Amino acid sequence: MKTTFKDEGDHVTMGFEGRLDTAASAQTEKDMQVLSQHSGRDVTLDCSALEYISSSGLRLFLGVAKNARKTGNKVTICGLSDALRHVFDEIGFTQLFTII
């Protein structure tokens, strides 16, 4: 699992590559802490290279959404594959995030 972070001025982008499974979630959670250092800005979660997400990975995404709401910001998810979009639909995450 590889993550990338970009500060794009008015918002920040976190990219995910590989499999966000239980084994990778602890390190990914540490990688995602940079988002809290940039609170007060909109967040984009780029999943265009994400192959799989487990429940522990979904929990991380939910945490990002909760933190963004505290500051009145939005979280956008982009690049979901059809399979991942189906997962997000099934668990109701398409109602929590802006998905493009």
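Below you will find a few notes about this structure.

What counts, and at which threshold
Residues numbered from 1 in each chain as written. Predicted model: local features only at pLDDT ≥ 70, side-chain atom pairs only at ≥ 80, totals over all residues. Heavy atoms only, no water. Axes fitted to C-alpha atoms, helices over the stretch in contact; angles between N-to-C directions. Helix = DSSP H or I, 4+ residues; strand = E, 2+ residues; numbered from the N terminus. Parallel < 35°, antiparallel > 145°, perpendicular 65-115°, else oblique. Left-handed = near helix turned anticlockwise from the far one by under 90°. Contact = heavy atoms within 4.5 Å. Nonpolar A, V, L, I, M, F, W, Y, C, P; charged D, E, K, R; others polar. Buried < 20%, exposed > 50% of the residue type's maximum accessible area, 1.4 Å probe, protein only. Pairing = 2+ DSSP bridges. Core = buried A, V, L, I, M, F, W, Y, C linked by side-chain atoms within 4.5 Å. Phe/Tyr/Trp six-rings, centres within 6.5 Å; stacked < 30°, edge-to-face > 60°. Polar contact = N/O pair within 3.5 Å; in protein donor to acceptor, adjacent residues only side chain to side chain.

Some remarks on the packing of helix 1 (residues 22-36) against helix 2 (residues 55-70)
- Where helix 1 meets helix 2, the closest approach of the two axes is 9 Å, and the angle between their N-to-C directions is 15 degrees. It follows from the interaxial angle that helix 1 and helix 2 lie roughly parallel. Crossing handedness for the pair helix 1 and helix 2: right-handed. Within the contact between the two elements, helix 1 uses Thr22, Ser25, Thr28, Glu29, Met32 and Leu35 and helix 2 uses Ser56, Arg59, Leu60 and Val64.
- Here the residues of the contact of helix 1 with helix 2 sort into 4 nonpolar, 4 polar and 2 charged.

Comments concerning the pairing of strand 2 (residues 11-20)
- Of all the 10 residues making up strand 2, 7 are buried; the element is thus mostly covered by neighbouring parts of the structure.
- Note that strand 1 (residues 2-7) and strand 2 share 6 bridges and pair antiparallel. Within the sheet, the bridge partner assigned to Thr4 lies in strand 2 and is Gly15.
- The hairpin turn running from strand 1 into strand 2, its antiparallel successor, is 3 residues long, and Gly9 in that turn takes a positive phi close to 80 degrees.
- Pairing between strand 2 and strand 3 (residues 42-53): 9 bridges, direction parallel.

Thoughts on the nonpolar core
- In terms of nonpolar packing, the biggest core is built from 26 residues, with Phe16, Leu45, Phe61, Ile77 and Phe88 touching the most fellow members.
- For this core, the secondary structure elements donating two or more residues are strand 2, helix 1, strand 3, helix 2, strand 4 (75-78) and helix 3 (82-91).
- With 6 residues, helix 2 is the single largest residue contributor to this core.
- In this view, Leu45 contacts Met14, Phe16, Leu35, Phe61, Val75, Thr76, Ile77 and Cys78; residues no more than four positions away in its chain are not counted.

Regarding the packing of aromatic side chains
- For the coordinates displayed, the defined rule picks out 4 aromatic pairs.
- Where Phe16 meets Phe61, the ring centres are 5.1 Å apart and the plane angle is 45 degrees; that geometry is what we call tilted. Of this pair, Phe16 sits in strand 2 while Phe61 sits in helix 2, placing them 45 residues apart in sequence. As far as the burial class goes, Phe16 and Phe61 line up, both buried.
- Aromatic ring contacts, followed pair by pair, group Phe16, Phe61, Phe88, Phe93 and Phe97 into a single cluster.

Some thoughts on the environment of Glu8
- Inspection of the secondary structure assignment puts Glu8 in the loop between strand 1 and strand 2.
- Classification of Glu8 as partly exposed rests on a relative accessible area of 35%.
- Considered as a pair, Glu8 and Thr94 are 86 residues apart in the sequence and their alpha carbons are 24 Å apart.
- In terms of polar contacts, Glu8 uses its side chain to reach the side chain of Thr13, at 2.4 Å.

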